[in-house]
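Residues per chain are reported as follows:
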Amino acid sequence: MSFSSIIGQDKTIKRLRALIETGRIPPAMIFHGAPGTGKFLAALEFAKALDCSHTEHQEKVYAPAAAEDDLFAAAAPAPEPAPERAPAKVHTDLSDSCGVCISCLQAASGAHPDIRVVDTEFQAALLDETESANLKIDTIRELSRWAQQKPMLSPWKIFIVRDAEALMPQAQNALLKTLEEPPPGTMVILTVSRKTSLLSTILSRSCIIEFGPLPREALRTILEAQGAEPGEAAALAALGGGSLEKAGEAGAFLKRISALRPGDSSRIFKFSAGLPRDSHKAREEVKTLLDLLLAKVRAAWRAAEGPAKNRLTALLKRSLDLRRMADRNVSYALLLETALLESERAGIKLEDLTRTGQ
Ligand SMILES: [Zn+2]
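These remarks concern the structure in this document. (Residues numbered from 1 in each chain as written. Predicted model: local features only at pLDDT ≥ 70, side-chain atom pairs only at ≥ 80, totals over all residues. Heavy atoms only, no water.)

1. Description of the coordination of the zinc ion
To keep it simple, the criterion reads: Coordinating donors are taken as N, O and S atoms within 2.8 Å of the metal, stretched to 3.2 Å for Na, K and Ca; because water is absent from the atoms, sites can appear incomplete. Square planar and octahedral assignments, for four and six donors respectively, both demand that opposite donors be over 155 degrees apart and that all other angles lie between 65 and 115; tetrahedral needs four donors with all angles between 85 and 135 degrees, and anything else is irregular. Only DSSP runs of H or I with at least four residues qualify as helices, and only runs of E with at least two residues qualify as strands; both kinds are numbered from the N terminus onward. Between buried and exposed lies partly exposed: a residue is buried under 20% and exposed over 50% of the maximum accessible area for its type, with that area taken using a 1.4 Å probe on protein chains only.
Around the zinc ion, the protein supplies Cys52 (SG), Cys98 (SG), Cys101 (SG) and Cys104 (SG) as donor atoms, at distances of 2.3 to 2.4 Å. One can describe the donor arrangement at the zinc ion as tetrahedral, given that its 4 donor atoms subtend angles of 97 to 119° at the metal. Mapped onto the sequence, the residues coordinating the zinc ion show the spacing C-x45-C-x2-C-x2-C. Here Cys52 is found in the loop between α2 (39–51) and α3 (64–73), whereas its partner Cys98 is found in the loop between α3 and α4 (102–108), with 46 residues between them in sequence. Grouping residues by exposure puts Cys52 and Cys98 together as buried.

Structure (structure tokens):
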């Protein structure tokens, strides 16, 4: 894995590589973008590239003739490109990780002593408690203590605070001290999908890197690489709205919908009862579902004529209102049931959501 493993964020990755090339590494960075756009993966690759010792080796070449020889070439003292087999590329790119040095191998296995991922799962292990939704001040105090220690193996000690919207206000204040006076060789990357959840003082001290929605084609390629059938990958990429996470959620809904009995009059209630208990997750799911539903209503409205058009105009307005309500503090299950029942009365059924590309 290297920066080349991140698909669909070419401009952003170019910017990160330029930072490494110039050597001007900001001590505090925020990777901002919607969930499922590659922020965390990019943070890991950025950390890996910074701490890489750039061991010279022949990079894997995907030409069958060269593939086997590469294994032996790694041990050769000075790899020379063989003239009869062209593409034996030696790793010389200092803005990306080499993938073979000790630092890279430790980073890939999640065991790098100088690259630490701080999230709610890590916190649960650190504080010996069940996983909570928030990142607490005690966790950030530990981070600040580690930040004062010198890196063990590599030039940089890097902390990746994953989903930093989980940081409680006191924890953010505690983190601010490390961001204001970072010990030499220490850097902190916060990945976040909602910038407004961070204190303005944190935002102003950080270099913000934006992650836009993934192009549909990139999403399709990733889904296929993860094992989806080509047809399924294309359908989910269309529903994903530029987010791998949303595409995954859409896939899960479609499976849940397919499992319901079409004639069952209580299936809408059964479906909404399956929403996650966590209210943030429930809201995100309901928003994705309402987006799917809206796309169906719009398509039906475009194709309709006469009295049906009037009925669908009313439904479209109502669906947009319900979609706006999903951003407020409401009962998400009730909201979803209302939207699905009203659509069903206008002839758009829950099962229609599984038919993509219409
Ligand atoms: Zn390396």
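After presenting the structure, the write-up continues.
2. Overview of the pattern of salt bridges
Cut-off, in case you're wondering: For salt bridges, the criterion is a side-chain nitrogen of Lys or Arg within 4 Å of an Asp or Glu carboxyl oxygen.
Applying the stated criterion across every chain, the model contains 22 salt bridges. For Lys48, the salt bridge identified is with Glu45, shortest N-O distance 3.6 Å. Here the residue Lys48 and the residue Glu45 both occupy positions in helix α2, the gap between them amounting to 3 residues, near one helical turn. On the accessibility criterion, Lys48 (6% relative accessible area) is buried. Residue class for Glu45 comes out buried when judged on its relative accessible area of 3%. With its nearest N and O atoms 2.9 Å apart, the salt bridge here joins Arg324 to Asp321. Linking Arg324 with Asp321, this pair stays in helix α14 (residues 306–325), spanning 3 residues, or about one helical turn. Residue class for Arg324 comes out partly exposed when judged on its relative accessible area of 49%.

3. Brief notes about the packing of helix α13 (residues 279–303) against helix α15 (residues 332–345)
Where we set the bar: Every angle, taken between N-to-C directions, lies between 0 and 180 degrees, and every axis is a line fitted to C-alpha atoms, over only the stretch in contact when it is a helix. Angles below 35 degrees are treated as roughly parallel, those above 145 as roughly antiparallel, those between 65 and 115 as roughly perpendicular, and all remaining angles as oblique. Crossing handedness is read from the near helix: turned anticlockwise from the far helix by less than a right angle, it gives a left-handed crossing, and turned clockwise, a right-handed one. We call two residues in contact when some of their heavy atoms are within 4.5 Å. All amino acids are sorted into three groups, where Ala, Val, Leu, Ile, Met, Phe, Trp, Tyr, Cys and Pro are nonpolar, Asp, Glu, Lys and Arg are charged, and the leftover types, Gly among them, are polar.
Two elements in contact, α13 and α15, have axes whose closest approach is 9 Å; the angle formed by their N-to-C orientations is 15°. Here α15 runs roughly parallel to α13, going by the angle between their axes. Read as a crossing pair, α13 and α15 show a hand that is left-handed. Touching Ser279, Ala282, Arg283, Val286, Leu289, Leu290 and Leu293 of α13 are Tyr332, Leu335, Leu336, Ala339, Leu340 and Ser343, all from α15. Tallied by class, residues from the contact of α13 with α15 come to 10 nonpolar, 2 polar and 1 charged.

4. Quick notes on the sheet that holds strand β1 (residues 28–33)
Inclusion rule: When DSSP finds two or more bridges between a pair of strands, those strands are recorded as paired.
The 5 strands are arranged β2-β3-β4-β1-β5 in an open sheet whose pairing can be described as parallel. A single partner strand is all that each edge strand has here, and the edge strands are β2 (115–118) and β5 (207–211). For this sheet, the mean angle separating the axes of adjacent strands, direction not counted, is 20°. Bridge count for β2 against strand β3 (residues 157–161) is 4 bridges, and the pairing is parallel. Across the sheet, Val118 pairs through a bridge with Val161, a residue of β3. Docked against the sheet, helix α6 (residues 137–148) engages β2, β3 and β4 (186–192), running at close to 165° with respect to β3.

5. Description of helix α1 (residues 10–22)
The test is simple: Given the number of residues in a helix, its expected span is that number minus one, multiplied by 1.5 Å. Directions from the helix axis toward the C-beta atoms define the arc.
Relative to the 18 Å expected for 13 residues at 1.5 Å per residue, α1 spans 18 Å between its end C-alpha atoms, a close match to the ideal helical length. Among the residues of α1, those classed as buried are Thr12, Ile13, Leu16, Leu19 and Ile20. The arc that holds every buried residue of α1, seen down its axis, measures 115°, which confines them to one face. Set apart from the buried face of α1 by more than 90 degrees, the exposed residues are Asp10, Lys11, Lys14 and Glu21. The first or second residue beyond α1 is Gly23, which carries a positive phi of 75°.

6. Structural notes on a nonpolar patch on the surface
For the record, the criterion: What makes a patch is a set of residues exposed beyond 30% relative accessible area and free of salt bridges, joined within 9 Å when like-charged and within 5 Å when nonpolar (Val, Leu, Ile, Met, Phe, Trp, Tyr). Note on areas: Shrake-Rupley, 1.4 Å probe, and residue coverage restricted to the protein chains presented here.
On the surface, a cluster of nonpolar side chains totalling about 350 Å² of accessible area is made up of Ile102, Met152 and Leu153. Relative to the elements of secondary structure, Ile102 occurs in helix α4. With relative accessibility at 59%, the residue Ile102 sits in the exposed group.

7. Observations concerning the side chain of Ser95
This is how the line gets drawn: Polar contact criterion, stated in full: a pair of N or O atoms within 3.5 Å, where within protein one must be able to donate a hydrogen and the other to accept it, and residues adjacent in sequence count only if both atoms are side-chain atoms.
Mapped onto the secondary structure, Ser95 falls in the loop between α3 and α4. Exposure remark for Ser95: the relative accessible area of 1% places this residue in the buried category. Here the side chain of Ser95 touches Arg17 through a polar contact of 3.1 Å, side chain to side chain. Of note is the side chain of Ser95, whose polar atom sits 2.8 Å from the side chain of Asp93. The residues contacting Ser95, other than those within four sequence positions of it, are Phe3, Arg17, Ile20, Glu21 and Ala49.

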